[in-house]
Structures are given as C-alpha cells and as structure tokens.
Amino acid sequence: MSPSMSSPDSDNSSTSSAPGSVSLQATAVVPGVGYAPAVWVRPRPELPQEGAAIVGGDVDAEIERFRAAATAVSERLAARATQVEGNASEVLLATSKLTLDRGWHRAAVKEIKAGVAAESATMSAIEKFVEMFKAAGGVMAERTTDLEDIRDRVIAELRGDEEPGLPAVSEASVLLADDLSPADTATLDPELFVAMVTSLGGPTSHTAIIARQLGVPCAVAAGAGLNAIESGTLTLVDGAKGVITANPDPEDARAAVAEAERMAEKIAAWSGLGRTADGEHIQLLANVGDGNAARIAAEGAAEGIGLFRTELCFLSAATEPTVEHQADIYASVLKAFPESKIVLRTLDAGSDKPLAFANLDHEDNPALGVRGLRISRSNSGLMERQLDAIALAAEKAGRGGDAPTWVMAPMVATLEEAEWFADLCRRRGLTPGAMIEIPAAALMSHDLMKVLDFVSIGTNDLTQYAMAADRLSPHLAYLTDPWQPAVLRLIDMACRSGKDSDTPVGVCGEAAADPLLACVLVGLGVTSLSAAATALPGVGAQLAEVTAAQCADAARAALDASDADGARAAVRAVLRLE
Ligand code: PEP
Ligand code: MG
C-alpha cells in the first residue's frame, strides 16, 4: 500500500488477522510503536447559527464581550507557551498572536456592528480566512486547522464552556483526533501519549511537526475509518508503517512494542552510510515529492534521492505546466543534493494520481489503463517537454560529470517502450532507467537492461499487479503484501538480470522501508533502497546488524516460503531475531 495515496476522506480500514481487530492504513510520519487505550481530543463546540442576532442588541457590549473572549484565549495560549520550550513554545505563541490578529477581528467586529452575535461573528470571520488559506493551497491550507482551533476556543470562551482540546489523562494513551491543533500538540506530554493519529492532516501539519519534535510515533491522514475506534479501545500504532490496529492480538502488540524499543535503541546508536555488518555498501535514498521534502531528507540519513514522484507536484494543475515552471520545481529537488545520486521519475499520472492535463477522461479500470508511460505514447510531446524541463533543471542545478541525472519511466511493460524512453533521455544527456513495477518488466528485465542504465523496483505496484489485488483495497491487505513469495521471486528475477548485466537494481516501493524486508532485498542483490526519509535510520540500523551472507540466507528462506507470513517467520529465524 502507498500511505501517501490515502485520501483523508476515504475509509482505509481493513480487518487484520486477529479476530475483532481492524487495521487502518495512514500516512507514516514518525516511526515507533505505541500500544495503549485510545482517547479522542475533547470535541469541538457545536457551531452557532449563522448570522444569529445579538441578545439584547447592545452592539458595543457585544464587541467588548468578543474582545474579552479572544484576549482570554490568547493569554491562556501565551501562558502555556512559557511552560514549554523550543518549537512547541513558538507554535503556541504564534497561535496566541493569531487569536488577536487584526484581520479577522476587523471582519468579526464588522459583523457584530451589523447586529450579529459574537459567536456567529467569530465563526463567519474565521470562515472567510479559512477559505482564503484553502485557496492558497499547500502549507497555507494545512494551517486552516490553526484558525479553526482559534474559532472553537473563542466560541467556547464566549459560551463559558470548557476549552476544547486535549483530554486530561493519567495513564499511557494513544491520542486520536480529526486533526490536532497547534495548541493541543504543543502541550502534549510524550510520557503519557505514546502515539498519535489523525484522520486528516498532512506530513507538514502542526501535528506532524510537533510529533517529530517530541519523538511520538505518529501517523496522519488515516481517513474516516478512524472514527470507528472509540475512546478506551486498545490501539496499536506503527508510526513507521502508518498502520493503526484497533484491538490487536495483545501478544502481537506487546511483541511489536518490544521490537520497536529494541529497534529504537539500535537506531539511536546508528549513524552514517547504509552498510551491512561486514561493510557492504547499500545506498539509502529518499522518496520525495517536492523540494521541501528533499531538503528535509538532506538533513537526515539519505545519501540522495531514489524516487522523486514528479506527478505529485501537479495534482491540482488544470493545465500542463510550462517547461520553465517544471524546471524550477525539479531544480529545487536537485539542489538539495547537488553532488549526489538523484532519480527523477517522469509523470506517473493515472489511477490513484490523476492529472487533469494528462489523463483520459474516463476509464473503467484506470489501474490497468492508460497510466504512467502509456500516456506519453499517445502524447509524446508531454514526455519530451518533461525531459526538456529535467535537462534544464539539471543545468540550473549545475549537474553533470560526477553527478549525472537519472530519469526513470513508470509502468514500463515492453522492451519497445524502454527503447523509446531511453532514446529520448540519451538525446538530452540524461541517464535512462525504468521502474520494474509490472510483472512483465521483471520477466523481461534481462532484455530491458540492454537498453537501460538502471532499474528501480516499485514494489507497491509490482505487488498489486502480481497478486491482482488493488493496492488501495481495504480488504486485500493479505495479498498486497510485498513479502508474498510470488513478488519476491519477481524481484529475484530482476536482481539476477542486474547481476548478469552489471546494471544497478534499486527498490523504491514501500518494501524498502521495512528493515527486515530490506535484508531480504539486499540478499537478492538490490544495491539501493529508497524510502521515506524517516524510515531510513531504521533500515540502516537493521542492515548494520547483519552480514551480506546472512542477507543472502534470508533471501533464500523468503523465496522458499509458501506465503507472506511464512516468509517473515523464516527470515526472522535465519537472522536470529526471535
Ligand atoms: C511503486 O509502485 O512501488 C512505486 C514506488 O510507485 P508509486 O507508489 O508512486 O506508484
Ligand atoms: Mg508505482
């Protein structure tokens, strides 16, 4: 499954193996495992009626009542800012200031002067600003939570109600929320809240920023299915995989926590390049979607970028971005790693990532339709312009010589497609490669490598297509599992072709983020692993514990297993992790 593809509105739930337990797939933000009863943040107040009139009609008194409430909320937030440090304190102070911001106050006072009660005036004034922030998109859109939080606090204050937000807990808890406000997360005690999950939010939301700072395992964008987990339900959160399980098997959950604690110790002690215990170098690379993620990755363990999903930059674009505009975006990623390996993927539009300017209007079965490279076979200008933009970005970023620009095509199925793509790349001085994410490409890998300089295995789609199981289906998690021996055998095939032709074989699907599976992949012959930057230290620490020979043994054991769980168990036994 691709956590990044989870829609906040979708129900990402699936039943897991323990009876009565339910798993949700979310976007992984902070690795680590937490297991405790769930608690929901105190609900937001019910919103007032739009345009409700001032009781008693005294406008001046109502303005005074509004200002006093906003000031009280702002002062409380400022006081809490003094009780915490660093980023948390800054976030609280920023929210405190925003509570008194003149822009929305002016809008609220204008409403009150028109006879609207302070509660309704607060609501509609904030609503205007929320719409503006949403229209601005990106990081601004994620800040709408801050505004809505202020609205709720001021309305609660006006009504004399308890402030909405974090519940007071006295025992370890898993915090659940639609989206956490900055004020909630800033005062969150990591000793008590062992994990947090939001149904909405994004990787740059305040929830994510503060969770990272506190080191609390965290997943966001879990979808509407999160609402089914009631306060008090024992909940297991795996922040590295973004998996939330309600009512897990208690023994499994405790084992997962113990394993995470062991791993956390190892990870804390690990630094440096990806290497096995006997010194075999495995490149650890980051998967990114924009320049910001690339810069964050550059601060961590990543040696470079193994997958830049360029299509993610244009999900809301109505028309094709110009070559210049594309080049600026690509250059912002290239500049984050000026001298390192960077692999850009050409637009993988279609299926779960439709692009308005590229996709066919309607397809009954888009996952098997005109997606990825296939789009540019009937619209070659789209590919040519993107490659021109990548070449221009490489020039802007001063790449070349020892820092070649690697470009790969998604959804390659035939040798002819690979030849076509490689030719377009070479004409522009770009190094051509392809994703191996269709079983046909793994089966034909030997031939593909005659015309390509590298391949990268997309285990998310390779699993989906090998197992004929929709990667977004909440019901097929047991099939959409890259540990399936059928998938591993396809990877093995590609790795053998890579060894025969001396072609680098990387993995950039979610499988690369699984430390145990990473050992298997290395044993199969994979030379680079690309995953979310937060997952890399976990992978690096695990690889540092095993020799290349142990990885090879683990790979053989996994290939010989008859199912995914069997493969996991066999590998754990080979690596003596039981
Ligand atoms: C994959 O399929 O494994 C992959 C990395 O591509 P995406 O998840 O973007 O489809
Ligand atoms: Mg894919």
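Residues numbered from 1 in each chain as written. Chains lettered and ligands numbered in written order. Predicted model: local features only at pLDDT ≥ 70, side-chain atom pairs only at ≥ 80, totals over all residues. Heavy atoms only, no water.

Looking up the protein chain in an unreviewed UniProt entry gives the name Phosphoenolpyruvate-protein phosphotransferase, with the organism given as Corynebacterium freneyi. Under the Catalytic activity (unreviewed entry) heading, UniProt states for the protein chain: "L-histidyl-[protein] + phosphoenolpyruvate = N(pros)-phospho-L-histidyl-[protein] + pyruvate". Heading Sequence similarities (unreviewed entry) of the UniProt record for the protein chain holds this comment: "Belongs to the PEP-utilizing enzyme family." (UniProt positions renumbered as here; feature names shortened; annotations may be inferred.)

## Describing the sheet that holds strand β12 (residues 342-345)
Spatial ordering of the closed barrel is given by β10-β11-β12-β13-β14-β15-β16-β17, a layout of 8 strands whose pairing is parallel. Averaged over all neighbouring strand pairs, the angle between strand axes comes to 25°, with direction disregarded. Examined bridge by bridge, β12 and strand β13 (residues 405-409) share 4 bridges and lie parallel to one another. Across the sheet, the residue bridging to Ile342 is Thr405, located in β13. (Pairing = 2+ DSSP bridges. Helix = DSSP H or I, 4+ residues; strand = E, 2+ residues; numbered from the N terminus. Axes fitted to C-alpha atoms, helices over the stretch in contact; angles between N-to-C directions.)

## Re the pairing of β13
Summarising burial for β13: 5 of the 5 residues are buried, a large majority. Where burial is concerned, the two faces of β13 agree: the one with Thr405, Val407 and Ala409 and the one with Trp406 and Met408 are both buried. (Buried < 20%, exposed > 50% of the residue type's maximum accessible area, 1.4 Å probe, protein only.)

## Some thoughts on the coordination of the magnesium ion (ligand 2)
Here the magnesium ion (ligand 2) is held by Glu437 (OE) and Asp461 (OD), and the distances to it run 2.1 Å. Of this pair, Glu437 sits in the loop between β14 (431-436) and α15 (439-443) while Asp461 sits in helix α17 (residues 459-467), and the two are 24 residues apart along the sequence. We note that Glu437, like Asp461, is buried. (Donors = N, O, S within 2.8 Å, 3.2 Å for Na, K, Ca; no water.)

## A look at the site of ligand 1
In the neighbourhood of ligand 1, 14 residues make up the surrounding shell, with Arg309, Arg345, Lys353, Asn460 and Arg471 lying closest. Between ligand 1 and the protein, one listed contact pairs an oxygen atom with a side-chain N or O atom of Arg345 at 2.8 Å. Asn460 is positioned such that a nitrogen or oxygen atom in its backbone is 2.7 Å from an oxygen atom of ligand 1. Against a free-state accessible area of 290 Å², the protein chains account for coverage of 100% of ligand 1. The set of elements that each furnish at least two residues to the shell around ligand 1 consists of β11 (304-309) and α17. In terms of residues, the shell around ligand 1 owes the most to one element, α17, which gives 3 residues. (Near = heavy atom within 4 Å. Polar contact = N/O pair within 3.5 Å; in protein donor to acceptor, adjacent residues only side chain to side chain. Areas by Shrake-Rupley, 256 points an atom, 1.4 Å probe, with all protein chains shown as cover.)

## Notes on the pattern of salt bridges
Using the criterion set out here, one finds 30 salt bridges in the structure. Between Glu311 and Arg345 there is a salt bridge, with the nearest N and O atoms lying 2.6 Å from each other. Note that Glu311 is positioned in the loop between β11 and α11 (323-334) and Arg345 in strand β12, a separation of 34 residues in sequence. The pair Glu311 / Arg345 is uniform in exposure class, with both members buried. A salt bridge links Asp447 to Lys450; the nearest nitrogen and oxygen atoms lie 4.0 Å apart. Classification of Asp447 as partly exposed rests on a relative accessible area of 26%. Within the structure, one salt-bridge network assembled from shared partners comprises Glu311, Arg345, Asp348, Lys353, Arg371 and Asp461. (Salt bridge = Lys/Arg side-chain N within 4 Å of Asp/Glu carboxyl O.)

## Observations concerning the packing of aromatic side chains
Going through the model one piece at a time under the given rule, you end up with 5 aromatic pairs. Measuring from ring centre to ring centre gives 6.4 Å for Phe314 and Phe357, while their planes differ by 70°; the resulting arrangement is edge-to-face. Residue Phe314 is found in the loop between β11 and α11, and its partner Phe357 is found in the loop between β12 and α12 (373-378); the two are separated by 43 residues along the sequence. Residue Phe314 is classed as buried on the basis of its relative accessible area, which comes to 2%. The class of Phe357 is buried, set by a relative accessible area of 16%. By way of ring pairs, the aromatic residues Phe308, Phe314, Tyr330 and Phe357 are connected into one cluster. The lysine or arginine in question, Arg377, covers the ring of Trp420, its NZ or CZ lying 4.4 Å from the ring centre. (Phe/Tyr/Trp six-rings, centres within 6.5 Å; stacked < 30°, edge-to-face > 60°. Lys NZ or Arg CZ within 6 Å of the ring centre and 35° of its normal.)

## As for helix α10 (residues 291-299)
Listed as buried for α10 are Gly291, Ala294 and Ala297. The buried residues of α10 occupy one face: seen down the axis, they fall within an arc of 115°. Of the surrounding elements, those touching the buried residues of α10 are β10 (283-288), β11 and α11. For α10, the N-terminal cap is Asp290; the gap from its side-chain oxygen to the backbone nitrogen of Asn292 is 3.2 Å. (Arc of directions from axis to C-beta. Contact = heavy atoms within 4.5 Å.)

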